[in-house]
Amino acid sequence: MNTEVIVVGAGPTGLMLAAELGLAGIDTVVLDRLAEPTGQSKAGSLQPRSAEVLDLRGLLDHLSEADRSRPGGHFAGLPVALDNTPWQTRHPNPVTLPQVALERLLADRLAELGVPVLRGHELVDLTQDDDGVTAGTRGPDGESRLRGRYLVGCDGAHSSVRKLAGFAFPGKAGTMSAVAADIEFAATSDLVPTGQRFFGDYMRRGGGYWTLLHPLGDGAYRMIFGNAERRDRHAPVTDAEVQAALHTVYGPETTLARIRHASRFSDANRQVERYRSDRVLLAGDAAHIHLPAGGQGVNLGLQDAFNLGWKLAAQLRGWASDGLLDTYHDERHPVGARVLRNAAAQSVFMGIGEGTEVAALREVVTELVTTPDGNRYISGMMSALDLRYDMPDAPAHELLGRRMPDVDLVTDAGPTRFSRLAGHGGGVLLDLGAGIGPAASAQLGGRVGVVPAEPVPGVDASAVLVRPDGHVCWAGDDVADGLDRALARWFGQPAR
Ligand SMILES: Cc1cc2nc3c(=O)[nH]c(=O)nc-3n(C[C@H](O)[C@H](O)[C@H](O)COP(=O)(O)OP(=O)(O)OC[C@H]3O[C@@H](n4cnc5c(N)ncnc54)[C@H](O)[C@@H]3O)c2cc1C
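Residues numbered from 1 in each chain as written. Predicted model: local features only at pLDDT ≥ 70, side-chain atom pairs only at ≥ 80, totals over all residues. Heavy atoms only, no water.

If you check an unreviewed UniProt entry, the protein chain appears there as Monooxygenase from Solihabitans fulvus. Under Cofactor (unreviewed entry), UniProt gives the following word-for-word description of the protein chain: "FAD". (UniProt positions renumbered as here; feature names shortened; annotations may be inferred.)

Now the structure itself:
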């Protein structure tokens, strides 16, 4: 074996997964076929749950480029901002951040953790047996082989891992093609938006086009547009087609100076049937593709990685309970399927299938999203703050399966908040008066830190057990009612 885990792909998903594995002390190697990142940011913002996930590992504070001033997320560009405040979060607004800045942050984290990223190394072959996986790679020095105990494909929408390992990828082929281009203007009309606004305000329609145009903060703009024309995904994006869309929607005085980066995307909607094939797993866009509507892809990939990292580490360290690794598929497949469903629903509103019925449906859904309950439902879905994993063996509790809110705490060491206790990447057992005591941490093999704290207003429990991914796996007043079972399930055999 050269390493314990081979991560293929240094996008946000692969980098986050490698960071989680590195934190758990797992020997990990990341491969990426690009010698250098392209510099293009597909995503321009992070959903609130991604911000929380980064905060759980102390990473959010390092994002100096992050801008939290844009109000609310959106659904299908409908003219109603999504309000995340009912979800008890410190990050109610989407965080405006170019994807490259997130990738840089995570790459720096890997450097700190000593996890190597082999750039310019493309996966071209893959075989697995009972003991491990052999990856055939092509790199600057020709072809070579790398062997690991597990391999995770985080290699994006056109994943080689998915194809080489034979994962079934059912779903729908794309029916449209659209362009995402980072551009600079020579001249602009008053129709070109300026400053931070609600995302829905950046959308326009006209002359058969739909567009989303917003400033990137450094003088350049991101323009996403489409019309009824379907172009080959590989056809280069030309100045002429960008200029045509600009003229049509923003007036003839709006003139393109240059395209910095441009690519095409479609509304293809597919998901692998299983996220695991023995020693090969998939995460992020490699496992699911959908129209990038409402900015959910990075959120989905980061949380795939966050769900998988500690489980794979447990498997490799030998303390995972039976089936722990398979809960990755069980928990994340339905979440991916739900995003695919809402992305398909959004495509109906985004200029595709424009017509009287669509306009009527848009109005009805806009009215629904204007109601407090309707807005809360959609904001929870789009931000992933409403996520609740199934925890069938634990006693019912309102927090069970949900993300632990980042509540203020008063511990023996003084005031803090929940996210500050989770940076080590292990579990946290909050002792809010149950009398478990910190000595239990050592008995739990160091996998769970027991933290006594004063009772928390709004948290109706004397103890809460939180997994490394921030999801509550036990909460209640009676520690004799299933706490040991939860510790065994998620953290191996407890010695409590
Ligand atoms: C126009 C557009 C706008 C978007 N906007 C948003 C947004 O605002 N918010 C949001 O959350 N999401 C958005 N998304 C989606 C988001 O960008 C993706 O979901 C995200 O990049 C997925 O991350 P990933 O790490 O899974 O895959 P990728 O980012 O695709 O990374 C995969 C990596 O694998 C590497 N790779 C591929 N094949 C191989 C191989 N054979 N060997 C080695 N390496 C390989 C690639 O070089 C790449 O670095 C947008 C997407 C598009 C197209």
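Read on for the rest.
Considerations on the UniProt feature "domain: FAD-binding" (unreviewed entry) in the protein chain
The UniProt record marks residues 3-343 with the feature "domain: FAD-binding" (unreviewed entry), using the residue numbering of this structure. Taken as a whole, residues 3-343 contains 27% helix and 28% strand, while its terminal C-alpha atoms sit 37 Å from one another. (Helix = DSSP H or I, 4+ residues; strand = E, 2+ residues; numbered from the N terminus.)

A short note on helix H1 (residues 12-23)
Compared with an ideal rise of 1.5 Å per residue, which puts 12 residues at 16 Å, H1 spans 16 Å between its outermost C-alpha atoms and is within 8% of the ideal. For H1, the buried fraction is high: 11 of the 12 residues fall into the buried class. Along its buried surface, H1 packs onto strand S1 (3-8), strand S2 (28-32), helix H2 (48-56), helix H3 (99-113), strand S8 (142-153) and helix H6 (297-317). Just past H1, the residue Gly25 takes up positive phi, approximately 80°. (Expected span 1.5 Å × (residues − 1). Buried < 20%, exposed > 50% of the residue type's maximum accessible area, 1.4 Å probe, protein only. Contact = heavy atoms within 4.5 Å.)

Concerning the site of the ligand
The environment of the ligand is formed by 32 residues, the closest being Thr13, Asp32, Ser160, Asp285 and Val298. Side-chain polar atom of Asp285 to an oxygen atom of the ligand: 2.8 Å apart, as the coordinates give it. Here the ligand, which alone exposes 1000 Å², has 89% of that area covered by the protein. Of all the secondary structure elements, the ones that give two or more residues to the shell around the ligand are H1, S2, strand S6 (122-128) and H6. Of all the elements, H6 adds the most residues to the shell around the ligand, at 3 residues. (Near = heavy atom within 4 Å. Polar contact = N/O pair within 3.5 Å; in protein donor to acceptor, adjacent residues only side chain to side chain. Areas by Shrake-Rupley, 256 points an atom, 1.4 Å probe, with all protein chains shown as cover.)

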